[in-house]
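Observations on the three-dimensional arrangement
One letter stands for each residue in the lines below.
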Amino acid sequence: MRKRIIRRDTEESLKADPAWLELERLAEVEVTSEDSAHPIETALIPGFGAGWQAAEPGEQTIRLLFDEPQAVRKISIRFRVDTGGARTQEFVLSWAGRDGQPAHEIVRQQYNFSPPGVTVEVEDYSVRLDGVSVLELRIIPDISGSDACASLEQLRIA
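Below: a short report on this structure. (Residues numbered from 1 in each chain as written. Predicted model: local features only at pLDDT ≥ 70, side-chain atom pairs only at ≥ 80, totals over all residues. Heavy atoms only, no water.)

1. What about the nonpolar core?
Among the nonpolar cores identified, the biggest contains 35 residues, and Trp52, Leu64, Phe66, Ile77, Phe79, Leu137 and Leu152 are the most heavily contacted of them. Secondary structure elements with two or more residues in this core: helix H2 (23–26), strand E1 (27–31), helix H3 (41–44), strand E3 (60–80), strand E4 (87–96), strand E5 (104–113), strand E6 (120–140) and strand E8 (154–157). (Core = buried A, V, L, I, M, F, W, Y, C linked by side-chain atoms within 4.5 Å. Buried < 20%, exposed > 50% of the residue type's maximum accessible area, 1.4 Å probe, protein only. Helix = DSSP H or I, 4+ residues; strand = E, 2+ residues; numbered from the N terminus.)

Written out as structure tokens, the structure is:
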């Protein structure tokens, strides 16, 4: 699935920080589930919307398949939970080079959401990855196995 919708505020956001990769132009995205009101583009394209949400509970995967291998130096992830009770979420960020090469884990992290107090988690990583063909984000919205749905407000890559 490839989509490309260009809006005026998106173009201005990209000009404000030219270091971020234009994912809509450079990669194809795969998702295991998607709420039609919160498509993945809203998390990947600056200024496009309020973020992605899964259509069903449980572990979810977001995979970026780059058309050409990329050098990645910075990854920014922002999660937001607006509903539900307290829970511990885990995510795993990994990358792979050419087809057939094994994936390399960048980070595996758990953190607690405690609405209404703690509802946002922002992670910024400085990395030195060359030849990235696949970048994968796996989200387990609640490690205790509740019916929580995964969500992602923003993913930026430079």
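2. Brief notes about the pairing of E6
Across 15 bridges, the pairing between E3 and E6 is antiparallel. Each bridged residue has a counterpart across the sheet, and for Gln60 the counterpart in E6 is Ile139. As paired elements, E4 and E6 share seven bridges and run antiparallel to each other. Within the sheet, the bridge partner assigned to Leu93 lies in E6 and is Leu137. (Pairing = 2+ DSSP bridges.)

3. Looking at the pattern of salt bridges
Here the structure, examined in full by the defined rule, presents 10 salt bridges. Residue Glu22 is joined to Arg25 by a salt bridge in which the shortest nitrogen-to-oxygen separation is 3.7 Å. Looking at Arg25, the relative accessible area reads 45%, which means it is partly exposed. Among the ionic contacts, a cluster of salt bridges with common partners joins Glu30, Glu59, Arg63, Glu136 and Arg138. (Salt bridge = Lys/Arg side-chain N within 4 Å of Asp/Glu carboxyl O.)

4. Let's talk about the environment of Arg156
Position of Arg156 relative to the elements: it lies in strand E8. Each C-alpha atom of the pair Arg156 and Pro46 lies 8.3 Å from the other, and the pair is 110 residues apart in sequence. Look past the residues within four positions of Arg156 in its chain and what remains in contact with it is Trp20, Ala43, Leu44, Ile45, Pro46, Gly47, Lys74, Ile75 and Ser76. At a separation of 3.5 Å, a polar atom in the side chain of Arg156 contacts the side chain of Gln154. (Contact = heavy atoms within 4.5 Å. Polar contact = N/O pair within 3.5 Å; in protein donor to acceptor, adjacent residues only side chain to side chain.)

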